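Structure assessment
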Amino acid sequence: MNHFRNNLARFRLITFDVTDTLLEYAVRPERHYAHVINAVLEPRLGLTLREDQIGPAFGRCFRAMKQQYPNFGAERRRPTGSEEGWRWWWRTLVERVVVDAAATGTDRHQAIPAPLLRAIAEQLIDDYTYDGRRVCWRQRPGVDELLAKLRQPAAPTRTLGIVSNFDPRLEIILRNNGITPGPPGVVDFVVTSYEARVEKPSAAIFEAALRRANQLRRAPAGQEIRPDEALHIGNLCREDYGGARSAGWCALLVNVPPNAKNRQLLATIPSGHVFTGLPELQRRLEQAEPLEW
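How each quantity is defined
Residues numbered from 1 in each chain as written. Predicted model: local features only at pLDDT ≥ 70, side-chain atom pairs only at ≥ 80, totals over all residues. Heavy atoms only, no water. Helix = DSSP H or I, 4+ residues; strand = E, 2+ residues; numbered from the N terminus. Buried < 20%, exposed > 50% of the residue type's maximum accessible area, 1.4 Å probe, protein only. Contact = heavy atoms within 4.5 Å. Phe/Tyr/Trp six-rings, centres within 6.5 Å; stacked < 30°, edge-to-face > 60°. 1 Å grid on protein atoms, 1.4 Å probe; cavity = no way out; pocket = protein on both sides within 12 Å on 5 of 7 lines; lining within 4 Å. Points joined across faces, edges and corners; volume = space filled by probe spheres on them. Nonpolar A, V, L, I, M, F, W, Y, C, P; charged D, E, K, R; others polar. Pairing = 2+ DSSP bridges. Right-handed = clockwise from strand over helix to strand, strands pointing away. Axes fitted to C-alpha atoms, helices over the stretch in contact; angles between N-to-C directions. Salt bridge = Lys/Arg side-chain N within 4 Å of Asp/Glu carboxyl O.

The name an unreviewed UniProt entry assigns to the chain is Rhythmically expressed gene 2 protein, from the organism Anopheles gambiae.

Have a look at this one:
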């Protein structure tokens, strides 16, 4: 008996988050940032920034940018012909990180010329998009195995998708890491918060994913995928689990960050819906005991 198939029999749509669910950073971002920043600043200004300066600066600047310009600048008005909002957002963030780290990490504040800041930002944006040296992204353990199992011939009517708080680079990043989007790809579609103009945990982004799945399936009226036939798998209690549940979906968690916020939220989530990673989730789905949804 195929217990894996039986445990998922009710779901006609399964979606995944990306960062720390399907993909993870190949090296700590502050390490790669330091490599790129110092390659520009050391020979020109004699200025070196350490990882322990860059990491906190990134956290501060990211939170400020997210509050000031939510969703990677998706709703920011821009003059005709100017760069796309998401690229402006990341360039501004990186430039602020460099200035912040330099100001807090040296006794003498040295002004960094704008062209150097822009060069650093453009390099990092390209690195985290195309990752030609494979130093930014990699698949998390168990991704290929689980996606292949979900694609088995016994489940030809199941649609697989991505629902992620991300900017439009995501399809390139997924493709470069072996998760090709679009039929006949590994997943059928990708919905980013930037495209949907709304971020998780809003139910609206899950509703957008459901509409996309039904458009792809071209289901006749009355045969569309219903919310209770959809499952989302992610790593954040509020954004992934709470957001999906608020849209009427089922949800599972993997690789939940061990911080105080998540520990508090985990107390409200059934333990049978929380797994250390995709391999543990797959093993559970292969067991005879039905998974309680």
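Okay, back to it.
A word on the environment of Val 18. Topologically, Val 18 is positioned in the loop between β1 (13-16) and β2 (23-25). By relative accessible area, Val 18 is classed as buried at 0%. Taking C-alpha positions, Val 18 is 14 Å from Asp 144, a pair spaced 126 residues apart along the chain. In this view, Val 18 contacts Leu 23, Ile 162, Ser 164, Leu 170 and Leu 174; residues no more than four positions away in its chain are not counted.

To continue, consider the packing of aromatic side chains. This model, assessed by the stated rule, comprises 15 aromatic pairs. Between the aromatic rings of Phe 206 and Trp 249, the centroid separation amounts to 5.2 Å while the plane-to-plane angle is 70 degrees, which identifies the pairing as edge-to-face. You can see Phe 206 sitting in helix α10 (residues 203-217) and its partner Trp 249 sitting in the loop between α11 (237-246) and β7 (250-254), a full 43 residues away along the chain. Comparing Phe 206 with Trp 249, the two get one shared label, buried. Put simply, the rings of Tyr 25, Tyr 33, Phe 58, Phe 62, Phe 72, Trp 89, Trp 90, Tyr 128, Trp 137 and Phe 166 touch in pairs and so form one group of aromatic residues.

With that settled, the discussion passes to the layout of surface pockets. If you add up the space inside the largest pocket, you get close to 1,400 Å³. Considering the residues around the largest pocket, the lining is formed by 44 residues, among which Thr 19, Asp 20, Tyr 25, Phe 62 and Leu 236 are closest to the centre. Those elements giving two or more residues to the lining of the largest pocket turn out to be α2 (29-45), α3 (51-68), α4 (70-73), α5 (85-104), α6 (114-130), α11 and α12 (260-266). Ranked by the residues each element gives to the lining of the largest pocket, the list is headed by α3, at seven residues. The class makeup of the residues in the lining of the largest pocket is 20 nonpolar, 10 polar and 14 charged.

Let us look at the pairing of β1. Across the two faces of β1 the burial is the same, with Leu 13 and Thr 15 and Ile 14 and Phe 16 all buried. In this sheet, strand β4 (residues 159-164) lies alongside β1 in parallel orientation, the contact comprising four bridges. If you follow Phe 16 over to β4, its bridge partner there is Ile 162. Pairing of β1 with strand β6 (residues 230-234), which is carried by four bridges, proceeds in the parallel orientation. Of the residues in β6, the one forming a bridge with Phe 16 is Ile 233.

With that settled, consider the pairing of strand β5 (residues 189-192). Burial along β5 is two-sided: Phe 189 and Val 191 facing one way and Val 190 and Thr 192 facing the other are all buried. The sheet contact formed by β4 and β5 spans four bridges and is parallel. Residue pairing for β5: Ile 162 is matched across the bridge by Val 190. At this point the chain moves from β4, through helix α8 (residues 170-176), to the parallel β5, and the crossover so formed is right-handed.

Before going further, it helps to examine the sheet that holds β4. Across the sheet, six strands lie side by side as β5-β4-β1-β6-β7-β8; this open sheet has parallel pairing. At either margin of the open sheet sits one strand with a lone partner, and together these are β5 and β8 (274-275). In the sheet, β6 pairs with β7 via four bridges, with the strands oriented parallel. The residue bridging Ile 233 from the neighbouring strand is Leu 252, located in β7. α11 rests against β6 and β7 of the sheet, and its axis sits at about 165 degrees to β7.

This part covers the pattern of salt bridges. Inspection of every chain in the model, using the stated rule, returns 24 salt bridges. For Asp 52, the salt bridge goes to Arg 50, with nearest N and O atoms at 2.9 Å. The exposure class of Asp 52 is exposed, given its relative accessible area of 52%. The exposure class of Arg 50 is partly exposed, given its relative accessible area of 47%. Ionic pairing is found between Arg 87 and Glu 122, a salt bridge with its closest N-O pair at 2.6 Å. In this pair, Arg 87 is assigned in helix α5 and Glu 122 in helix α6, connecting sequence segments 35 residues apart. Each member of the salt-bridge network shares a partner with another, and the members are Arg 12, Arg 226, Asp 228 and Glu 229.

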